[in-house]
Amino acid sequence: MAAVPMSSAKRLRQLLSDPSRMVVAPGVYDGISARLALAQGFECLYMTGAGTNMSRLGMADLGIATFNDMVTNAGMIASINPSVPLIADADTGYGGPIMVARTVQGYARAGVAGLHIEDQVQEKRCGHLAGKQLVEREVFYARIRAAKKAREEIGSEMLIIARTDARAGAGFEEAVERLRGAREAGADALFLEAMQSEEEVRKAVKIFEGTPMLLNMVGGGKTPQMSVKEAKEAGFRIMIWPTLLVEAVISPLKNALRILREEGTHDSCEPIGPRALFEVCGLNELMAFDESVGGKAFGGQEFVLTLARIDPTLRVTTKPILDKARTVEVRRGDLYTAEERERYGGLPNAGAEVASIRLEKKGRYKVLVERDGTE
Ligand SMILES: C[C@](O)(C(=O)O)[C@H](CC(=O)O)C(=O)O
């Protein structure tokens, strides 16, 4: 329900047009992970194919998710905040050139801002597993040409990123050659999968100077670990962290389940309660929308918040408080003046959380909040 001042693809291109910026995109795979990344104010998200296979299908990253699985997930994620660009994994494009075209147009209509298409065979696998097989160079180039032509046919600005998986079996030089060919075939950005040393990482950026390069940071993968700062200094323009969140949930979930199974309780983590839980997925905004159009389904009280320390002119916002609500989330956009809302309302930062106010008891509130969100 956020305002959409420009297409997310245009926004992604705008971010890339500033050479001093690197686009950092955490890998998300479902509604909760996407909501959490948006709440942190990330300016771009990445829909991981590995995470989509795992969370939607319960399957390993072995190219099992089909176009329909992927486009449905991408459309759901892209729609949560359409002003924040989503780069989505499009694997091999899911078939020959005709199918690649369908994939590109389907992703564009689903609101995806950029996608990557690779040169593995259909029975593909995670780029950091052994035993990958490649299609011939020309087959790869035809995929990229199909992607570009399909995008042009519908007037989309979606970014086409060519990914090569050649490093593992065919070597660095072949990978570079394939990306050269893909660039000629019309790719806007390049992704050399599973580079194996810092030297390769730096060399690749140098070879393709002038073309945006994507760095894939898989924890425990083939590529040496680099921070956002290091990747930016090396010259990358996009950095994805595909498995960060998938990995992060495994242990806590296992632990909670083990405790429930062994001890018959659920005290492995402090329960935050249903209200706070749903606030992660937009409860307050959804209710505010309902109220703003005269809906009566969730009538609550008014919450008056004064952010005196952030701005001397005193920023005030009102937010509804649900019955029995325990927290109120304040986002940057809540504090905009009408003019600011017009100008900045659609930018990713508008959704960034500035404070999470814990409510002690029902009543009318007037709260002073400092920049770090503490009362
Ligand atoms: C980027 C990637 O395509 C993904 O699906 O997110 C994977 C990540 C992974 O499986 O570790 C890849 O690098 O192949």
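Residues numbered from 1 in each chain as written. Predicted model: local features only at pLDDT ≥ 70, side-chain atom pairs only at ≥ 80, totals over all residues. Heavy atoms only, no water.

Q: Just give me the short version of the pattern of salt bridges, but keep the residues and values in it.
A: Applying the stated criterion across every chain yields a total of 22 salt bridges. Residue D91 is joined to K124 by a salt bridge in which the shortest nitrogen-to-oxygen separation is 2.8 Å. Pair noted here: D91 is in the loop between β3 (86-89) and α5 (97-109) and K124 is in the loop between β4 (114-118) and α6 (137-153), with a separation of 33 residues, a long-range link. Note on accessibility: D91 and K124 belong to one class, buried. As a salt-bridge pair, R137 and E174 come within 2.8 Å of each other at their nearest N and O atoms. Placement of R137 in helix α6 and of E174 in helix α8 (residues 172-184) is noted, with a sequence separation of 37 residues between them. By relative accessible area, E174 is classed as buried at 18%. Salt bridges here are not isolated pairs; linked through shared partners, they connect D91, E118, K124, K132, R163, D165 and E193. (Salt bridge = Lys/Arg side-chain N within 4 Å of Asp/Glu carboxyl O. Helix = DSSP H or I, 4+ residues; strand = E, 2+ residues; numbered from the N terminus. Buried < 20%, exposed > 50% of the residue type's maximum accessible area, 1.4 Å probe, protein only.)

Q: Outline the packing of aromatic side chains, supporting the account with residue identities and numerical values.
A: Counted under the stated rule, the structure contains 3 aromatic pairs. Both rings, one in F140 and one in Y141, keep their centres 6.1 Å apart while their planes meet at 40 degrees; by these two values the pair is tilted. Y141 shares its class with F140; the two are buried. Taking the centre distance of 6.1 Å and the plane angle of 65 degrees together, the rings of Y336 and Y344 count as edge-to-face. With a relative accessible area of 14%, Y336 lands in the buried category. (Phe/Tyr/Trp six-rings, centres within 6.5 Å; stacked < 30°, edge-to-face > 60°.)

Q: Describe the site of the ligand, naming the residues involved and giving the relevant values.
A: Of all residues adjacent to the ligand, which total 15 residues, the nearest are T48, A50, G127, E193 and N216. Within the side chain of D61, an N or O atom sits 3.1 Å from an oxygen atom of the ligand. Coverage of the ligand by the protein amounts to 97% of the 340 Å² it exposes when considered alone. Partitioning the shell around the ligand into residue classes produces 5 nonpolar, 6 polar and 4 charged. (Near = heavy atom within 4 Å. Polar contact = N/O pair within 3.5 Å; in protein donor to acceptor, adjacent residues only side chain to side chain. Areas by Shrake-Rupley, 256 points an atom, 1.4 Å probe, with all protein chains shown as cover. Nonpolar A, V, L, I, M, F, W, Y, C, P; charged D, E, K, R; others polar.)

Q: Summarise the domain arrangement of the protein chain; cite the residues concerned and give the values.
A: According to the domain assignment, the protein chain contains domain 1 (8-250) and domain 2 (273-368). The junction of domain 1 with domain 2 conceals about 810 Å² of combined surface from both sides, 61% of it contributed by carbon and sulfur atoms. Linking domain 1 with domain 2 are 0 salt bridges. Between the two partners, domain 1 and domain 2, sit 1 residue pair in polar contact (both at pLDDT 80 or more). (Domains from an automatic or database assignment. Buried area = accessible area lost by both parts, 1.4 Å probe.)

Q: Could you give me a rundown of the side chain of D91, with the residues and numbers involved?
A: Using a relative accessible area of 3% as the deciding quantity, one classes D91 as buried. Here the side chain of D91 touches Y94 through a polar contact of 2.6 Å, side chain to side chain. For D91, the contacting residues outside a window of four places in its chain are M70, H116, I117, E118 and K124. (Contact = heavy atoms within 4.5 Å.)

Q: Could you give an account of the layout of surface pockets, naming the residues involved and the relevant values?
A: Approximately 780 Å³ is the volume attributed to the second largest pocket. If you list the elements that add at least two residues to the lining of the second largest pocket, you get α2 (31-39), α3 (49-57), α11 (244-263) and α12 (273-279). If you tally residues by element for the lining of the second largest pocket, the top one is α11, at 7 residues. If you count residues domain by domain, the lining of the second largest pocket takes at least three from each of domain 1 (8-250) and domain 2 (273-368). (1 Å grid on protein atoms, 1.4 Å probe; cavity = no way out; pocket = protein on both sides within 12 Å on 5 of 7 lines; lining within 4 Å. Points joined across faces, edges and corners; volume = space filled by probe spheres on them.)

Q: For unusual backbone geometry, give the residues involved together with the corresponding values.
A: Here the phi dihedral of Y94 falls at roughly 70 degrees; this positive angle occurs in a residue that is not glycine. Following the sequence through the fold, Y94 ends up in the loop between β3 and α5. Even without glycine at this site, A194 takes up a positive phi of about 55 degrees. Inspection of the secondary structure puts A194 in the loop between β6 (189-192) and α9 (198-207).

Q: Requested: an account of α8, with residues and values cited.
A: In this model α8 runs 19 Å from its N-terminal to its C-terminal C-alpha over 13 residues, within 8% of the 18 Å that 1.5 Å per residue would give. Considered for burial, the residues of α8 that qualify are F172, E174, A175, V176, R178, L179, G181 and A182. Turning to α8, the residues buried within the fold contact α6, β5 (159-164), α7 (166-170), β6 and α9. Just downstream of α8 lies G186, where phi reads positive at about 120 degrees. (Expected span 1.5 Å × (residues − 1).)

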